[in-house]
Amino acid sequence: MSLARTYSEGTSFLIMSSETPKNPQRAPAGGPPAPSGASDKAKDPDWANGLKQLYDSVVEEPLPDSFQDLLDQLGAKD
Amino acid sequence: MAGEERTASEKADFKRELTEVVPHLRAFARGLCGRADMADDLVQETLLKAWAAQERFQPGTSMRAWTFVILRNAYLTDMRRNRFRGEYDETVAERVLTAPAGQEEPIHLSDMHRALLTLPPERREALLLVGAGGFSYEEAATICGCAVGTIKSRVGRARAALNAMLADGDIPKRSIDDSAAHRAILQELDDVAAGQGGSRN
């Protein structure tokens, strides 16, 4: 099974991710961003990329109108 | 700042920042509970709670981290009421699966997603925060209210579990159908909700 091979190729990404902010849109809670370690990406197991893909796919979905409606209602109450 | 009345400008800033993090809240919630409709309910609940608590938000700090705490707590509460069953969202996984942007070979994301949902919630959330959300260990520890070392341990265990499951192809079809996994989840949930999560790895 090819997945067995690809999943086992790398295991270090999560260790490294503490030093590697993945999302430039995020406002840091404090202090400067940690230095990036782009060279570590090649070691990511495929499922780790998949995890990020799943997350990012939802982030990039068009927002259902219900959310903007709710926020508008909340703003209107004040 | 808590307890002080916010100016109209500050409220506008709060609403704008809150609006901006909604996509991230949806992604985190989807990863936690696995179903799009329930995840969106959870996000709506989070937005209501965040709005009600806006006086406690410190301007200039991370809105994403602040709202993730609220979402996480709402999720744990709802889980304890057995509202979420960690069901797998076939639609999302299949759509992602058929759009392997830049991947050299198709990844069985459906397997990955199912495996993720079999993890105990505290490990799943740690992996989501660090591995998908891009939070540092320190930020994830703050969100989860535990020590940095605990988050590192949870991520490590989650990673090892996923590596093992995905390498062996030994993934429960539905996490809720696996009674052992379900019992473990409920036990860990009790510990997390009781504030003992920091003492467990």
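Per an unreviewed UniProt entry, chain B is named DNA-directed RNA polymerase sigma-70 factor, and its organism is Qipengyuania flava. According to the UniProt record, the Sequence similarities (unreviewed entry) comment for chain B is "Belongs to the sigma-70 factor family. ECF subfamily."

If you check an unreviewed UniProt entry, chain A appears there as Anti-sigma factor NepR domain-containing protein from Qipengyuania flava.

Enquirer: Honestly, the overall build of chain A in this entry has me stumped. Any pointers?
Expert: Scanning chain A for helices and strands turns up four helices and zero strands. Tracing chain A from N to C terminus, the helices and strands come up as α-α-α-α. Across the 78 residues in chain A, those meeting the buried criterion constitute 22%.

Enquirer: What's the story with the overall build of chain B in this structure? I'm lost.
Expert: The number of helices and strands found in chain B is nine helices and zero strands. Ordered by position in the sequence, the α and β elements of chain B form the string α-α-α-α-α-α-α-α-α. Taking all 201 residues of chain B together, 46% fall into the buried category. Long-range contacts, defined here as pairs at least 24 residues apart, represent 70% of the contacts in chain B between residues at least 6 apart.

Enquirer: Just checking my understanding: could you explain the packing of helix α1 (residues 8–33) of chain B against helix α3 (residues 63–80) of chain B for this structure?
Expert: A pair of packed helices can be characterised by two numbers: the angle between their axes and the separation between those axes. Residue and element names in this part refer to chain B. It is at 9 Å that the axes of α1 and α3 come closest, and there the two elements cross at 40°. Of the possible angle classes, the one that applies to α1 and α3 is oblique. At the point where α1 passes α3, the crossing takes the right-handed sense. Along its contact with α1, which presents Glu17, Leu18, Val21, His24, Leu25, Phe28, Ala29, Leu32 and Cys33, the element α3 presents Met63, Arg64, Thr67, Phe68, Leu71 and Tyr75. Of the residues assigned to the contact of α1 with α3, the class counts are eleven nonpolar, two polar and two charged.

Enquirer: Just checking my understanding: could you explain the confidence of the model for chain A for this structure?
Expert: Interpretation of the predicted coordinates at a detailed level should be avoided for regions scoring low in pLDDT. Residues and elements named next belong to chain A. Taken residue by residue, chain A gives an average pLDDT of 60. The fraction at 70 or more is 38%. In the model of chain A, helix α2 (residues 13–16) stands out as the element of lowest mean pLDDT, 34, in contrast to helix α4 (residues 65–77), which has the highest, 88. Counting contacts from residues 1–42, a segment whose pLDDT is below 50, to residues more than four positions away or on other chains yields 66 contacts.

Enquirer: What is the right way to look at the nonpolar core in this model?
Expert: Nonpolar side chains tend to gather and get buried jointly when the protein is soluble and globular. Formed by 55 residues in total, the largest nonpolar core has its most connected members in B:Ala29, B:Leu71, B:Ala126 and B:Ala140. Mapped by element, the contributors of at least two residues to this core are α3 (46–59) of chain A together with α1, α2 (36–52), α3, α5 (109–118), α6 (121–132), α7 (137–144) and α8 (148–168) of chain B. Broken down by element, the residue count for this core peaks at nine residues, all from α1(B). Once residues within four sequence positions are removed from consideration, B:Ala29 is found in contact with B:Ala39, B:Leu42, B:Val43 and B:Leu71.

Enquirer: Explain the environment of B:Thr142 here, please?
Expert: All names here are of chain B. Relative to the elements of secondary structure, threonine 142 occurs in helix α7. Since 19 C-beta atoms lie within 10 Å of it, threonine 142 is described here as partly exposed. In this structure the C-alpha to C-alpha distance between threonine 142 and valine 69, which are 73 residues apart in sequence, comes to 8.5 Å.

Enquirer: Could you clarify how one ought to interpret α1(B) in this entry?
Expert: Since there are 3.6 residues in each turn of an α-helix, residues three or four apart along the chain are aligned in direction. All names here are of chain B. The first and last C-alpha atoms of α1 sit 35 Å apart over 26 residues, in line with the 38 Å expected at 1.5 Å per residue. The sharpest bend along α1 comes to roughly 40°, located at valine 22, with the proline proline 23 sitting one to four residues further on. Phi for glycine 34, located one or two positions after α1, is positive at around 80°.

Enquirer: Before we go on, may I ask you to explain the packing of α6(B) against α7(B) in this structure?
Expert: Residues and elements named next belong to chain B. Remark: α6 packs on α7, axes separated minimally by 9 Å, with the N-to-C direction vectors making an angle of 140°. By the angle class used here, α6 and α7 are oblique. Crossing of α6 against α7: the hand is right-handed. The residues of α7 that touch α6, namely those facing Glu125, Ala126, Leu129 and Val130, are Tyr137, Ala140, Ile143 and Cys144. Here the residues of the contact of α6 with α7 are counted per class, giving seven nonpolar, no polar and one charged.

Enquirer: What exactly am I supposed to notice about the confidence of the model for chain B here?
Expert: All names here are of chain B. Counting all residues, the mean pLDDT for chain B is 78, and 67% of those residues have values of 70 or more. Confidence scores differ between elements of chain B, with helix α4 (residues 90–97) showing the lowest mean pLDDT of 50 and α7 the highest of 96. Here residues 197–201 is a poorly scored stretch, pLDDT under 50, and it has 13 contacts once near neighbours within four places are set aside; other chains count. Our summary of model confidence lists the complex with pTM equal to 0.68 and ipTM equal to 0.72.

So, how was this worked out
- Residues numbered from 1 in each chain as written.
- Chains lettered and ligands numbered in written order.
- Predicted model: local features only at pLDDT ≥ 70, side-chain atom pairs only at ≥ 80, totals over all residues.
- UniProt positions renumbered as here; feature names shortened; annotations may be inferred.
- Helix = DSSP H or I, 4+ residues; strand = E, 2+ residues; numbered from the N terminus.
- Buried ≥ 20, exposed ≤ 12 C-beta atoms within 10 Å, placed from the backbone.
- Contact = placed C-beta atoms within 7 Å.
- Axes fitted to C-alpha atoms, helices over the stretch in contact; angles between N-to-C directions.
- Parallel < 35°, antiparallel > 145°, perpendicular 65-115°, else oblique.
- Left-handed = near helix turned anticlockwise from the far one by under 90°.
- Nonpolar A, V, L, I, M, F, W, Y, C, P; charged D, E, K, R; others polar.
- pLDDT = per-residue confidence, 0-100.
- Core = buried A, V, L, I, M, F, W, Y, C linked by C-beta atoms within 7 Å.
- Expected span 1.5 Å × (residues − 1).
- Bend = angle between axes of the 7 residues up to and from the residue.

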